[in-house]
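Residue strings, one per chain:
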Amino acid sequence: MLLLVGIVVAVVGLWVVGVMSPATLSGGESGPVFPFRDQSEDGQVSVSVNRSTVDSGELVAVTVSVDGKPVSDATVRVAGASYATSGDGTVVVSVDDPGSYEVTGVRPDGNRSATTALRVRRFESSLSVSVPETVVTGEPVPVRVTRENGSVVDAVVAADGERVRTGSDGVANVSFGVAGEFEVRASKQPTAEYRFVEAADTVTVERRAVGLVVTANRSEPRVDEPVAVSVRRRDTGEAVNATLSLGGRTLSTGADGVATVRFDAADEVVVVAGANRTPAVRFVDDRTRVDVRRIPVELSVSVSPDPVPEGERARFVVRRTDTGERVGATVELYGSAYPTGPDGRVSFPFYVPGNATVSASKAPTPRERFVPANASFVVVGPEVVADAVTVPETAPADGTMRVNATLSNVGNERASEDAVISVGTATTRVRTTVPAGETTNASWQVATPNATGNVTVVVHYEEVRVERTVRLVASTDAESTNATADGSTNATTRERAEPAAVHSAEPVTVDSPGASRARSQLTAW
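Scoring rules and cut-offs
Residues numbered from 1 in each chain as written. Predicted model: local features only at pLDDT ≥ 70, side-chain atom pairs only at ≥ 80, totals over all residues. Heavy atoms only, no water. Pairing = 2+ DSSP bridges. Helix = DSSP H or I, 4+ residues; strand = E, 2+ residues; numbered from the N terminus. Axes fitted to C-alpha atoms, helices over the stretch in contact; angles between N-to-C directions. Core = buried A, V, L, I, M, F, W, Y, C linked by side-chain atoms within 4.5 Å. Buried < 20%, exposed > 50% of the residue type's maximum accessible area, 1.4 Å probe, protein only. Contact = heavy atoms within 4.5 Å. Polar contact = N/O pair within 3.5 Å; in protein donor to acceptor, adjacent residues only side chain to side chain. Phe/Tyr/Trp six-rings, centres within 6.5 Å; stacked < 30°, edge-to-face > 60°. Lys NZ or Arg CZ within 6 Å of the ring centre and 35° of its normal.

*Asks:* Would you explain the sheet that holds strand 31 (residues 313-320) in this entry?
*Replies:* Taken together, four strands build an open sheet; the order of strands is 34-31-29-36 and the sheet is mixed. Here the strands that pair on one side only, and so sit at the sheet edges, are strand 34 (345-349) and strand 36 (368-371). Each strand of the sheet is rotated relative to its neighbour by a mean of 25°, with strand direction disregarded. Bridge count for strand 29 (residues 295-304) against strand 31 is six bridges, and the pairing is antiparallel. For Val 301, the partnering residue across the bridge sits in strand 31 and is Val 318.

*Asks:* I'm lost on the nonpolar core in this one. Help?
*Replies:* Generally speaking, a soluble globular protein has its nonpolar side chains buried in company with each other. Counting 25 residues, the largest nonpolar core has Met 401, Val 403, Ile 421, Val 423, Trp 444, Val 457 and Val 470 as the members making the most contacts within it. Elements with a minimum of two residues in this core: strand 38 (384-392), strand 40 (400-409), strand 41 (415-423), strand 43 (439-447), strand 44 (453-461) and strand 45 (464-473). Residues within four places of Val 423 in sequence aside, it is in contact with Met 401, Val 446, Ala 447, Thr 448, Pro 449, Val 455, Thr 456, Val 457 and Val 470. The next biggest cluster of nonpolar side chains, apart from the first, holds 24 residues, and it includes Phe 316, Tyr 338, Phe 348 and Ala 360.

*Asks:* Mind showing me how you'd approach the environment of Thr 433 here?
*Replies:* Mapped onto the elements of the fold, Thr 433 is located in strand 42 (residues 426-434). Residues contacting Thr 433, with those up to four places away along its chain left out, are Arg 414, Ala 415, Ser 416, Thr 440 and Tyr 461.

*Asks:* I'm lost on the environment of Arg 319 in this one. Help?
*Replies:* Inspection of the secondary structure assignment puts Arg 319 in strand 31. Considered as a pair, Arg 319 and Ala 373 are 54 residues apart in the sequence and their alpha carbons are 9.7 Å apart. Leaving out residues up to four positions away in the same chain, Arg 319 has contacts with Glu 298, Leu 299, Ser 300, Gly 324, Glu 325, Arg 326 and Val 327. Here Gly 324 takes part through its backbone oxygen, which lies 3.2 Å from a polar atom of the side chain of Arg 319.

*Asks:* I keep staring at the packing of aromatic side chains and nothing clicks. Help me out?
*Replies:* Geometrically, a pair of aromatic rings is defined through the distance of the ring centres and the angle of the planes. The full count for this structure, using the stated rule, is 10 aromatic pairs. Feature note: the residues Phe 316, Tyr 334, Tyr 338, Phe 348, Phe 350 and Phe 377 constitute an aromatic cluster, connected by ring pairs. A cation over an aromatic ring shows up here: Lys 188 above the ring of Phe 196, its NZ or CZ 5.5 Å from the ring centre.

See the structure below:
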């Protein structure tokens, strides 16, 4: 009985020692070794491996010992295969398939055995992550995950706090809300045969470009007229707090994206809208054109007196109609332009009767454009032209002769004044009237000087001045012929008549028709 108890105690003690004793394994791994010896009194069998955890196909040295001594020709069984130990009690084996295995060592006589554990790691497969070169915020970014051999794999992609599983194509779409550098990591849970090494890549995310749209509620405003300029995002239409650059000025919109703008001069203004970038987007400037028009100001021009008597000075005044202020301008008459004074006034005389129109204009300023004005007025007075004047070819000296004239009054008032006819040194004045718009045949009996030979006959009436030549002969020559305006002669019977009023007053000087119609130089008041 005592012998039996001693044997039991010895066996338990040996088992405890085997369990509690640490062992160092090849490859730096350590852990408890469970030799599982045969516990008989003699021929105890133990089996050990130089590595308890190995990779697929990795060589493992298995040693079988009997009573602590390695033995040859012992049998080693693992993963369904059997091996025999060599003379040093060791055999080298390998297992391809991952998993946990039992390694059994059997004594050469096959009577006793022992076991130990062997674990074959899963196959290791490295993952690979690829991302596009250009990544912007707010847009899907395809992340492709593959194994080391290039085949696609079902994995989980983590980026910026987001976890997305790949599809059957090995691609997961992720997005980034803000710009910056982010790590994109791919992982996969192990399978029965494989464990997967995570892969990571760094992606630089740029801000997405968003165009701005700037519009003005008036494309052709006038100077000082308010213009509402609004700025919005092109993608969403949302208002943008923006900066406006226009005509050398910088303005800011409010949160509603609107700024009220006024322009102080006419111009074609380019309005450029820009905005500060956000963590997510950068804004692309936009521009629009505003054609600022001048403020129209109407002019007026007045004439005084009206009507204007022929030969008198007419006065013109140019004003703004909005304020009544006199302004320096330009007046145009008969196709010629004349400047007024700074006070808008100018005057000059008129010598030709008839209807006339004066136009007033003014050059624009940066702010205003002036609407021209017209005024019609009348110059009143006679305007006589000589249609024909005839004198005799010869006439008696120191006697009388007759001068005939056809006079037309193209003016708008009756002509009534002296016709002055000079024959050499003798002058005769005859009151002559020509109604307005009519033609009169005048015949004047005039005195001749006491001289013979060719003398000049000058006829003055209104603005008419006509010269003819007559040959004076001694009074015994009874006949004379008339010289007409075209140079022909008509024979006439010499008529003795009392001379018309002959005055010793000095001859009257009258301008020729061409000179009388010349406009005088304008003079300001």
